[in-house]
There are 2 protein chains.
Amino acid sequence: RDDISRLLQELPSDDAALLVAEMPGELREELLDTMKIEHSTDVQELLGFADETAGRIMTPDYFALEEEVTVSEAITALQRRSEEFEMAFYLYVVDTRNHLLGVVSLRQLLLNSPSTPLRKIMISDVIKVTTDTDQEEVARIVATYNLLAVPVVDQENKLAGIITVDDIIDVMREEATEDIYALAGVEADDRAMGSSFNSVRRRLPWLLLSLGAALIAVAILQYYREIIRQEIWLAVLIPVVAAMGSNAATQTMTVVVRGIGLGEVSVDTGRRVVLKESLVGLINGAVVGLVTFLIISAWFGWKLAVVLGLTMVLSLLIAGMFGALIPVALKRFRVDPALASSVFVVTMTDVITFFLYLIIATLVLRYKPF
Amino acid sequence: RDDISRLLQELPSDDAALLVAEMPGELREELLDTMKIEHSTDVQELLGFADETAGRIMTPDYFALEEEVTVSEAITALQRRSEEFEMAFYLYVVDTRNHLLGVVSLRQLLLNSPSTPLRKIMISDVIKVTTDTDQEEVARIVATYNLLAVPVVDQENKLAGIITVDDIIDVMREEATEDIYALAGVEADDRAMGSSFNSVRRRLPWLLLSLGAALIAVAILQYYREIIRQEIWLAVLIPVVAAMGSNAATQTMTVVVRGIGLGEVSVDTGRRVVLKESLVGLINGAVVGLVTFLIISAWFGWKLAVVLGLTMVLSLLIAGMFGALIPVALKRFRVDPALASSVFVVTMTDVITFFLYLIIATLVLRYKPF
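Residues numbered from 1 in each chain as written. Chains lettered and ligands numbered in written order. Predicted model: local features only at pLDDT ≥ 70, side-chain atom pairs only at ≥ 80, totals over all residues. Heavy atoms only, no water.

Examining the pairing of strand E6 (residues 159–164) of chain A
Item 1. Taking burial as the measure, the six residues of E6(A) include five buried ones, the bulk of the element.
Item 2. Taking the residues between adjacent antiparallel strands as the criterion, strand E5 (residues 149–153) of chain A and E6(A) are bridged by five residues, where Asn157(A) takes a positive phi near 65°. (Buried < 20%, exposed > 50% of the residue type's maximum accessible area, 1.4 Å probe, protein only. Helix = DSSP H or I, 4+ residues; strand = E, 2+ residues; numbered from the N terminus. Pairing = 2+ DSSP bridges.)

Below you can see the structure in the form of structure tokens.
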């Protein structure tokens, strides 16, 4: 225990907070007690912020001075306290009550005369985030403005900490993994080199959920069993019906979820995206429907070709519509669009597609030309 | 044209190279001609390197001095040439023939006495990449060592350029998008806010490919049509057969491809990953098979329950095996594992699953208890 505590004190406090957050409650308390008071306070403060917010990933080890300090005094201060800072690229300028006023890059210190006060060389239009900003948003800001670190302020604009670019890179990897996994129905923390038991636990719930979804399609087919009995080729063609709608839905969902993740799609532009993806679905549906019609009419005759061709057009249109609509709607209701979209969209698309297939089949196959 | 040329000269040369690479050949030549000679040479040199390599994304605007230069001379040099550098965080130390000898951070300049030669304060064990290093590998190195910039050397260890962390962030976003898209069968450059026509062009080929894959399953069902005619419930249960194997395969593939992308899975550890994923497939298959058996035996009787339960166990085992084996094998043959895995794995899993389903059905349904 003492070893752990000593190790934690060596770590920068943002990394220590991540480790401590993983520990069981009792051990966590004890560790925070035995740690050097000041450092422990840092970690506890970080733990007070919600998961995946700027407050949780920031380090309070920033380098800040007041505005009347001169360049040469700043350099002396930096030299004296050099050991304290994880990675200091910027010098923040604050007032006596720690409100953030401006920022000076270390390079500016080298480029200005020693007697200049920081006030004169600071940039006062600081790009900053607040402690409750989502970490994904922080990553977008750092990426957009090419920053090495971004200051984190509280509700009163008091400087609370900084987030450095190395931590942003970790956030980006984590968020990208989350998005990739969610679309495939895998929970985060499932690792290729991890334990088998962990992987089973992370994937089984989603497999059982999609078993449930497939059984809905089974119930639909059971309901329409008489038409299948009359026309056995309807059964033989089911793999096409089952595959194409869900594939198109997955494509659309992937592009839209990634667009939301990269900040390209917002709730405001959501309407445009849904319209666009519906159009794409219709065009792809028309082409796939035509190709299917030609192949199936050569293979199984024109009636089945009409049934399957029409089903493809409508199925891909619906896939495009739901594939865009559901992530955008989830985003509006502040649910992580990547997490919940996949099962919803694929199940809805499949269920509607099977219904359409069998309704169209009933209509077309009953039709007797004079 | 002159406007474009003037704009390009304003851009850092790595960004200019990216723009010029996108232009049609003739316009590209003209632009390079009209651009200021020196800058144009930079861009042309960058264009000489293969796509997605360090050479292509580096900027040649590095800040390098020789080892006998003192700290105060270095600061003067930095002040004089400050405008030239996109983002200078490190000072590289080279010999007279530009071989990379060491690195000094700008902070070290502030912390050491003015008369110290760079030789004494430089770190000579420099983390560096070569011009042909893959950009994904460069991103991994920068992320692992928390660097702000990494020097790029040629085959003779001569300094060719640097890659800054802001460009690494762009690379990481690009690579993550590529991986996410590839798993869903969408080509890169498909954007939620882009044109409909572009999205159609990017997705249609993959949809037609999966139509082809579904038609293989149709051919299998056609071959076994007599047993389906005898037992219509076999047709009704096809959605479960079609869904579960491909879902499990997609899960496995996603985790393995992401593991390869993050550098956690290599060709050496590939064998272990394939074994682990096969085990996970077997366990998930056993659970899903049991649940399926119980539901189907209550709904359609024990014979169909045995058929579907057994199919699930084998299908999920195969999904785990191929889902890991194919990306690892593609990696060994230097094919991008994300790009090619998806269609292969899902098609193979589906085809084998349908065969197993109908073979098991033939065996079980023919079996007449005494």
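Examining a nonpolar patch on the surface
Item 1. Judged by side-chain polarity, Leu279(A), Leu282(A) and Ile283(A) come together as a nonpolar surface patch covering roughly 230 Å² of accessible area.
Item 2. Within the secondary structure, Leu279(A) is located in helix H15 (residues 270–300). (Patch = residues over 30% accessible without salt bridge, like charges linked within 9 Å, V, L, I, M, F, W, Y side chains within 5 Å. Areas by Shrake-Rupley, 256 points an atom, 1.4 Å probe, with all protein chains shown as cover. Salt bridge = Lys/Arg side-chain N within 4 Å of Asp/Glu carboxyl O.)

Brief notes about unusual backbone geometry
Glycine aside, a negative phi is what most residues show, and trans is what most peptide bonds show.
Item 1. Phi is positive for Asn146(A), close to 50°, though the residue is something other than glycine.
Item 2. Look at Asn146(A) and you get partly exposed, because its relative accessible area is 31%.

Examining the confidence of the model for chain A
Item 1. In this model, chain A carries an average pLDDT of 83, and 83% of its residues clear a pLDDT of 70 or more.
Item 2. Of all the helices and strands in chain A, helix H4 (residues 37–47) of chain A carries the lowest mean pLDDT, 58, while strand E4 (residues 129–130) of chain A carries the highest, 94. (pLDDT = per-residue confidence, 0-100.)

Regarding the interface of chain A and chain B
How big an interface is tends to be stated in terms of the accessible area lost upon association of its parts.
Item 1. In this complex, chain A contributes 101 residues to the contact, which on the side of chain B involves 101 residues.
Item 2. Here chain A meets chain B over a buried area of about 9,100 Å², counting both sides, of which 73% is carbon and sulfur.
Item 3. Together, Arg107(A), Leu110(A) and Met193(A) form the three largest contributors to the area buried by chain A at its contact with chain B, with a combined 8%.
Item 4. Linking chain A to chain B there are two salt bridges.
Item 5. A salt bridge links Arg203(B) to Glu277(A); the shortest N-O distance between them is 2.8 Å.
Item 6. In this assembly, chain A and chain B are joined by 18 residue pairs in polar contact (both at pLDDT 80 or more).
Item 7. Ranked by residues supplied to the side of chain A that touches chain B, first place goes to helix H11 (residues 196–223) of chain A with 17 residues.
Item 8. Tallied by class, the residues present in the side of chain A that touches chain B amount to 66 nonpolar, 20 polar and 15 charged. (Contact = heavy atoms within 4.5 Å. Buried area = accessible area lost by both parts, 1.4 Å probe. Polar contact = N/O pair within 3.5 Å; in protein donor to acceptor, adjacent residues only side chain to side chain. Nonpolar A, V, L, I, M, F, W, Y, C, P; charged D, E, K, R; others polar.)

Points about the packing of aromatic side chains
Item 1. Evaluated as defined, the whole model comprises 10 aromatic pairs over all chains.
Item 2. Ring centres 4.8 Å apart and planes at 25° place the aromatic pair Trp299(B) and Phe300(B) in the stacked group.
Item 3. Cluster of aromatic residues (ring-pair linked, three or more members): Tyr223(A), Tyr224(A) and Phe355(A). (Phe/Tyr/Trp six-rings, centres within 6.5 Å; stacked < 30°, edge-to-face > 60°.)

Regarding the packing of helix H10 (residues 165–184) of chain A against helix H14 (residues 238–261) of chain B
Helix packing geometry: the angle between the two helix axes and the distance between the axes.
Item 1. Relative to each other, H10(A) and H14(B) sit at 165°, their axes nearing to 9 Å. As the angle between them shows, H10(A) and H14(B) are arranged roughly antiparallel. Of the two elements, H10(A) crosses H14(B), and the hand of that crossing is right-handed. Every residue of H14(B) that contacts H10(A) at Arg173(A), Ala176(A), Thr177(A), Ile180(A), Tyr181(A) and Ala184(A) is listed here: Thr250(B), Gln251(B), Thr254(B), Val255(B) and Arg258(B). (Axes fitted to C-alpha atoms, helices over the stretch in contact; angles between N-to-C directions. Parallel < 35°, antiparallel > 145°, perpendicular 65-115°, else oblique. Left-handed = near helix turned anticlockwise from the far one by under 90°.)

Observations concerning the nonpolar core
Item 1. In terms of nonpolar packing, the biggest core is built from 131 residues, with Val240(A), Tyr357(A), Val240(B) and Tyr357(B) touching the most fellow members.
Item 2. The residues contacting Tyr357(A), other than those within four sequence positions of it, are Trp233(A), Leu234(A), Leu237(A), Ile238(A), Val241(A), Val307(A), Leu308(A) and Thr311(A).
Item 3. Counting residues in each nonpolar core, the second largest holds 64 residues, with Val94(A), Leu148(A), Val171(A) and Ile162(B) among its members. (Core = buried A, V, L, I, M, F, W, Y, C linked by side-chain atoms within 4.5 Å.)

Overview of the relation of the copies chain A and chain B
Item 1. Under the fitted operation, chain A is carried onto chain B by 0.0 Å of movement along the axis and a turn of 180°, and the coordinates agree to an RMSD of 0.1 Å. The transformation relating the two chain copies, once decomposed into turn and shift, fits a two-fold axis. (Least-squares fit on C-alpha atoms with pLDDT ≥ 70 in both.)

Some points on helix H6 (residues 71–80) of chain B
Item 1. Every buried residue belonging to H6(B) is among Val71(B), Ala74(B), Ile75(B), Ala77(B) and Leu78(B), and all of these are buried. Around the axis of H6(B), the buried residues are gathered within 160° of arc, so they sit on the same side. (Arc of directions from axis to C-beta.)

Here we look at the sheet that holds E6(A)
Residue and element names in this part refer to chain A.
Item 1. Strands sit in the order E4-E5-E6 across an open sheet of three strands; the sheet is mixed. What marks the edges here is a single partner per strand, and that holds for E4 and E6.
Item 2. Direction of pairing for E5 relative to E6: antiparallel, over a ladder of five bridges. Its bridge partner being in E6, Val-150 is matched across the sheet by Ile-163.

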